[in-house]
Amino acid sequence: YDVVAAIVDAVEKPVTVKMRIGWDENHIYAVENAQAVERAGGKAVAVHGRTRVQMYEGKADWNIIKQVKEAVNIPVIGNGDVKTPQDAKRMLEETGVDGVMIGRAALGNPWMIYRTVRYLETGELIPEPTVREKIEVCLLHLDRLIALKGEHIAVKEMRKHAAWYLKGVRGNAKI
């Protein structure tokens, strides 16, 4: 509470907080923490449905995200296990959250955002990009990174991005 309240008092922009549901399965404080954020003047809270101990392993607990949504009046954004546009819709329906935060599913897959928005707005599920499209956008990403940071740094940074773009593509280990 104190940290959020101090930041709210110190800035003129809306303050939001992203948090996990708790430290471990024995210390789940998402509801209490979200209520404290709201009392402190926070304007929204994003809740990742896993504990700190879980990191990115195991299943996100959307039920706790739902409990947070039911306990506060500020917008709640759900996060965790949103790997497809259908997952985003299901999270909205099952938890009642105001928004969905897509995390790792968008790494090397910027199409995930557009496909999800389109699916939520129209019900149309746009196909996954082709291998050629993935490679073309990966190269565009590299070009823009070079323009931003210079070739030496860009090439080093692009290694992880290229691996994400090419995840699931046959023969990607050779690249």
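Here goes a summary of the coordinates provided.

1. Topic: the overall build of the protein
Scanning the protein from terminus to terminus reveals seven helices and four strands. Sorting the 175 residues of the protein into buried and exposed places 37% on the buried side. Taking as baseline every contact in the protein between residues at least 6 positions apart, the subset at least 24 positions apart corresponds to 57%. Summed over its atoms, the accessible surface of the protein is roughly 11,100 Å², and 54% of this surface lies on carbon and sulfur atoms. Measuring between centres, the 26 positive side-chain charges of the protein sit 7 Å from its 23 negative side-chain charges.

2. Thoughts on the environment of N79
Position of N79 among the secondary structure elements: in strand β3 (residues 76-79). Look at N79 and you get buried, because its relative accessible area is 6%. Once the C-alpha coordinates of N79 and T95 are considered, the two residues, 16 residues apart in sequence, prove to be 11 Å apart. With sequence-adjacent residues up to four places away left out, N79 is seen in contact with K18, V47, H48, G49, I65, M91, M101, I102 and G103.

3. What about the packing of aromatic side chains?
Following the criterion strictly, the structure yields one aromatic pair and no others. Summarising the aromatic geometry, the rings of W111 and Y165 are spaced 6.3 Å apart at their centres and angled 85° between planes, so their arrangement reads as edge-to-face. You can see W111 sitting in helix α5 (residues 111-122) and its partner Y165 sitting in helix α7 (residues 151-165), a full 54 residues away along the chain. Taking the relative accessible area as the measure of exposure, W111 reaches 18% and is therefore buried. Stacked on the ring of Y56, the Lys or Arg R20 has its end atom at 5.2 Å from the ring centre.

4. Examining the packing of helix α4 (residues 85-95) against α5
Between α4 and α5, the least distance of the axes is 8 Å, while the angle of their chain directions is 50°. In terms of their interaxial angle, α4 and α5 are classed as oblique. α4 and α5 meet at a crossing whose hand is right-handed. In this structure, α4 contributes P85, Q86, A88, K89 and L92 to the contact, and α5 contributes M112, R115, T116, Y119 and L120. Taken together, the residues that form the contact of α4 with α5 break down as six nonpolar, two polar and two charged.

Conventions we followed
Residues numbered from 1 in each chain as written. Predicted model: local features only at pLDDT ≥ 70, side-chain atom pairs only at ≥ 80, totals over all residues. Heavy atoms only, no water. Helix = DSSP H or I, 4+ residues; strand = E, 2+ residues; numbered from the N terminus. Buried < 20%, exposed > 50% of the residue type's maximum accessible area, 1.4 Å probe, protein only. Contact = heavy atoms within 4.5 Å. Areas by Shrake-Rupley, 256 points an atom, 1.4 Å probe, with all protein chains shown as cover. Lys, Arg positive; Asp, Glu negative; His and termini not counted. Charge placed at Lys NZ, Arg CZ, Asp CG, Glu CD. Phe/Tyr/Trp six-rings, centres within 6.5 Å; stacked < 30°, edge-to-face > 60°. Lys NZ or Arg CZ within 6 Å of the ring centre and 35° of its normal. Axes fitted to C-alpha atoms, helices over the stretch in contact; angles between N-to-C directions. Parallel < 35°, antiparallel > 145°, perpendicular 65-115°, else oblique. Left-handed = near helix turned anticlockwise from the far one by under 90°. Nonpolar A, V, L, I, M, F, W, Y, C, P; charged D, E, K, R; others polar.

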